Amino acid sequence: MKPKKHRADFDNRRFASLAPLAREIPDIDSAIAEIARLSAELTLPKGTVHIISDIHGEDRKLRHVINNASGTLRPLVERLFKDKMGAEELQQFLTLVFYPAEVVGMLETKIRTAQAQKNFAIKTLRALFEIVRVLGVRCTLQHGMRLFPAPYRELLAEILHEPSTDRDREYVEAIVEELSRRGRVLHLIHLTCRVIRNLAINELIIAGDCWDRGPRGDRVVDYLMQQPNVSFVWGNHDMAWLGAALGHEALICQVLRITLRYRRLLQLEEGYGVPIEPLETLVRKVYTDDLATGFEVKGSGMRDPLTVARMQKAAAVMQFKLEGQVIDRHPEWQMEHRRLLHRIDREAGTIEVDGFIYRLKSAHFPTIDPVHPYELAPDERICLERIRSSFLASHKLWDQMRWMVSHGRMCLRRDEHLIFHGCVPVDEHGEFLPMYVGGRPHSGSALFDAIEDAVYRMLEEPSRQDLDLLWYLWCGPQSPLFGKDRIATLERDLIEDKKTHHETKNPYFHLIHEVWFCDKILEEFGVDSTDGLIVNGHVPVQVEKGESPLKRSGKAITIDGAFSEAYGDHGFTMVLEAHRTFLAKHHHFESIESAIHQGADIIPTITVVREWEPSKRVADGQRGRLIRSLIAQLEQLIQAYKGNHLPQQLAL
């Protein structure tokens, strides 16, 4: 009797697991219809994926790249309408597609009569829906309908199917006339343009580093959160901001320092509601006569540049102290040589680094106690406590961090593409190096898994050890998000001799030129090495020096193209289409205003990386694997209905 009891228990668990599905699929016919729909979806072209890395706060350029679908929308529109519109009309139409909110706002003041608005709306909506129909064939009707805004979903479906019905053209014109009479027809045009953008990009993947150097990381994440299907691969700058949001003092100082260096104070004060008055108070009290040599700031702003430089120095000194404390708490990281404040000789004006003595730019450190160099001075402690409270109280920052973590991973696989931000730490022979997570060493793909688990956990109840891990992910030698022997911030700030500024990259970055090494990485992460391609960001491709993003192995590509103006103002999008993978190189973007009023656009340079023959279908990718699992569940549900283990909810 015991085996029968076990079998009954197993069946009960299996049927119980099907109960949630039964609420959505109430009977056998519904299940069969859904299996048929899913089976048909497997035959469709694979959805287009756009991958962008290292945005670094460049919100306006990001918005344009998303709006023009990395340059892929313009050629489609030109192909559809080159014989139907003049050059000026076509440019105005493209501007509407890219910036519907702004253009509609202008049209509301320019088109004053109801008849003129109706004529414009009918012509424009029919043109927009030509694009919708072309893009819509790539996806199921169900998916396309989900992209329609809910209040207008059925109405837009009527317009979508206009050419396939025998109705008179007056049918759609009556829709437009009623919306025009009620002042909503231009709003509908705006919404339709958004549907086009969302159809053009099936999935948007951000391969790390939303913040720092560029003007508004907060607006970058705001815009990403509005997109319908975003996945995130974390970068080291993202981990620094997560740590700051969770109150890690060293990372708060790091965020303050780099924000001040590039004069991006609106991001903190306006974007996140984090005032920096406590730092100004500290500077007025302690650094009044400091020349802040070595802390010169970039860019322009309302505050006096010398005051901002002094604030940067104050933040940097606190950062160096607090990082020394973090290193002291973690001997397993073997970073004692990076505790440098006690190696300063203020009388001689020198510092010892790696056994060599270097002259300091300035030996004026009014808050450093030579006896206890890593302890915050009382004024520093008061300043930092107030700023930390502001970070912890910022609801917007917290909401963005939760979104980033919930949508994020350490790496992603999209068919043959393995996507991560930085590197897989290895030695010169390509052997995986360990990193400590949770008190244990991990390496290779297991390291990525362990970091993910720790990051997900720390949103609930972060310990000091968890928060220190975020600091190590930001700048630790074995961190897969950093991948250098050191971050030479202190040397760049304090020492004139530039040879101390050098940061040695992990061997990963030169080994990815070797086929055998790329195959090893791909296989470690479960990607077929035959056609596999490693995709990472983090290290800018120096295009102006002739560097190529595609490595000599042909199996690795770097897509950090210096998106931010502070890094070089190029930028890449990697686009995974059904029939090819290509790299779109973006140039400088002037402004949203120039795009609207002068038609400025980023027309990227295209480099094809892979071509697929035959073209990829949904069945060939991750969506296909998910669909096959869903079909298997539906088959089980049908059997449960047939055996009356679950009751059908039959319509009467």
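Scroll up to find the structure.
To start, this report covers the structure provided alongside it. The structure displayed is predicted, hence computed values, not measured ones.

Another aspect to go through is the overall build of the protein. In terms of regular secondary structure, the protein is built from 26 helices and 16 strands. The buried share of the protein, reckoned over its 652 residues, is 57%. Pairs at least 24 residues apart make up 73% of the contacts formed inside the protein by residues separated by at least 6 positions. About 29,200 Å² of surface is accessible on the protein, with carbon and sulfur atoms providing 51% of the total. Of note, the protein has its 84 positive side-chain charges centred 2 Å away from the centre of its 92 negative side-chain charges.

What follows deals with the packing of aromatic side chains. Enumeration according to the criterion identifies 14 aromatic pairs in this entry. Relative to F93, the ring of F81 lies with its centre 5.3 Å away and its plane at 70°, an arrangement referred to as edge-to-face. Taken as a pair, F81 in helix α4 (residues 73-81) and F93 in helix α5 (residues 87-98) lie far apart in primary sequence, 12 residues in all. Aromatic pair Y508 and F509: ring centres 5.2 Å apart, planes at 90°, arrangement edge-to-face. Using a relative accessible area of 0% as the deciding quantity, one classes Y508 as buried.

One simple way to see leftover space: roll a probe sized like a water molecule over the atoms. Applying the stated criterion across every chain yields a total of three cavities of 30 Å³ or more. Size it by volume and the largest cavity reaches roughly 210 Å³. Along its surface, the largest cavity is lined by 18 residues, and E323, I327, R338, I487 and L490 are the ones closest to its centre. At the level of elements, α17 (305-329), α21 (464-475) and α22 (489-494) are the ones that each hand at least two residues to the lining of the largest cavity.

Put simply, the largest pocket is a space of about 1,300 Å³. Residue lining of the largest pocket: 48 residues in total, with R213, K484, E503, P540 and Y567 positioned closest to the centre. Looking at the lining of the largest pocket, the elements that each hand over two or more residues are α13 (236-245), α14 (249-261), α22 and α23 (508-511). Taken together, the residues of the lining of the largest pocket sort by class into 13 nonpolar, 17 polar and 18 charged. By volume, the second largest pocket is sized at about 770 Å³. Forming the boundary of the second largest pocket are 33 residues, of which K46, G47, N202, V618 and R623 lie nearest the centre. Secondary structure elements with two or more residues in the lining of the second largest pocket: α2 (28-41), α8 (141-147), α11 (185-200) and α26 (622-642).

Side chains E203 and I205 project from strand β2 (residues 203-206) onto one buried face, and the interleaved L204 and I206 project onto a second face that is buried too. Here four bridges tie strand β1 (residues 49-52) to β2, and the two strands are oriented parallel to one another. Paired with H50 across the strands is L204, a residue of β2. Both β2 and strand β3 (residues 230-233) contribute to a ladder of three bridges, which runs parallel. The residue of β3 that forms the bridge with L204 is V230.

Glancing now at the nonpolar core. L224, L242, L279, M404, L470 and W471 are the most contacted members of the largest nonpolar core, which totals 178 residues. It is α17 that provides the largest number of residues to this core, a total of 12 residues. Those residues within four positions of M404 in sequence are excluded, and the remaining contacts are W211, F232, W234, D238, M239 and L242. Core analysis: the second largest hydrophobic core is formed by 20 residues, I35, L44, A619 and A640 among them.

On to the pairing of β3, then. Burial along β3 is two-sided: V230 and F232 facing one way and S231 and V233 facing the other are all buried. With respect to chirality, the unit in which β2 leads through helix α12 (residues 217-225) into the neighbouring parallel β3 is right-handed.

Here Q312 shows up in helix α17. When near neighbours in sequence (up to four residues on either side) are disregarded, Q312 contacts R257, L260, R261, F295, E296, V297 and D493.

With that settled, consider the sheet that holds strand β8 (residues 411-414). Read across the open sheet, the four strands follow the order β8-β9-β12-β13; overall the sheet is mixed. Each of the sheet's edge strands pairs with one partner strand only, and the pair in question is β8 and β13 (556-558). For this sheet, the mean angle separating the axes of adjacent strands, direction not counted, is 20°. Running at roughly 85° to strand β12 (residues 533-536), helix α24 (residues 515-524) makes contact with β9 (417-420), β12 and β13 of the sheet.

Right, let's talk about α11 for a bit. An ideal rise of 1.5 Å per residue puts 22 Å on 16 residues; α11 measures up with 23 Å between its terminal C-alpha atoms. Taken across its 16 residues, α11 has 14 buried, putting it largely inside the fold.

Bringing the sheet that holds β1 into the picture now. Reading across from one edge, β7-β3-β2-β1-β14-β15-β16 is the order of the seven strands in this open sheet, with mixed pairing throughout. Among the strands making up the open sheet, the edge pair consists of β7 (408-409) and β16 (605-611). With four bridges joining them, β1 and strand β14 (residues 572-576) adopt antiparallel strand pairing. Across the sheet, residue I52 finds its bridge partner in β14, namely T573.

Next up on the list: helix α6 (residues 100-110). Three or more residues of α6 are buried, namely P100, V103, V104 and L107. End-on view of α6: buried residues confined to an arc of 100°, all on one side of the axis. Here the buried face of α6 lies against α5, α7 (114-136) and α11.

Following both chains from N to C, one finds α13 and α14 inclined at 120°, their axes separated by 7 Å at the closest point. Accordingly, the angle class assigned to the pair α13 and α14 is oblique. As α13 runs across α14, the sense of the crossing is left-handed. Contact residues: α13 offers H237, M239, A240, W241, G243 and A244, while α14 offers L251, I252, V255, I258 and T259.

What counts as what
Residues numbered from 1 in each chain as written. Predicted model: local features only at pLDDT ≥ 70, side-chain atom pairs only at ≥ 80, totals over all residues. Heavy atoms only, no water. Helix = DSSP H or I, 4+ residues; strand = E, 2+ residues; numbered from the N terminus. Buried < 20%, exposed > 50% of the residue type's maximum accessible area, 1.4 Å probe, protein only. Contact = heavy atoms within 4.5 Å. Areas by Shrake-Rupley, 256 points an atom, 1.4 Å probe, with all protein chains shown as cover. Lys, Arg positive; Asp, Glu negative; His and termini not counted. Charge placed at Lys NZ, Arg CZ, Asp CG, Glu CD. Phe/Tyr/Trp six-rings, centres within 6.5 Å; stacked < 30°, edge-to-face > 60°. 1 Å grid on protein atoms, 1.4 Å probe; cavity = no way out; pocket = protein on both sides within 12 Å on 5 of 7 lines; lining within 4 Å. Points joined across faces, edges and corners; volume = space filled by probe spheres on them. Nonpolar A, V, L, I, M, F, W, Y, C, P; charged D, E, K, R; others polar. Pairing = 2+ DSSP bridges. Core = buried A, V, L, I, M, F, W, Y, C linked by side-chain atoms within 4.5 Å. Right-handed = clockwise from strand over helix to strand, strands pointing away. Axes fitted to C-alpha atoms, helices over the stretch in contact; angles between N-to-C directions. Expected span 1.5 Å × (residues − 1). Arc of directions from axis to C-beta. Parallel < 35°, antiparallel > 145°, perpendicular 65-115°, else oblique. Left-handed = near helix turned anticlockwise from the far one by under 90°.

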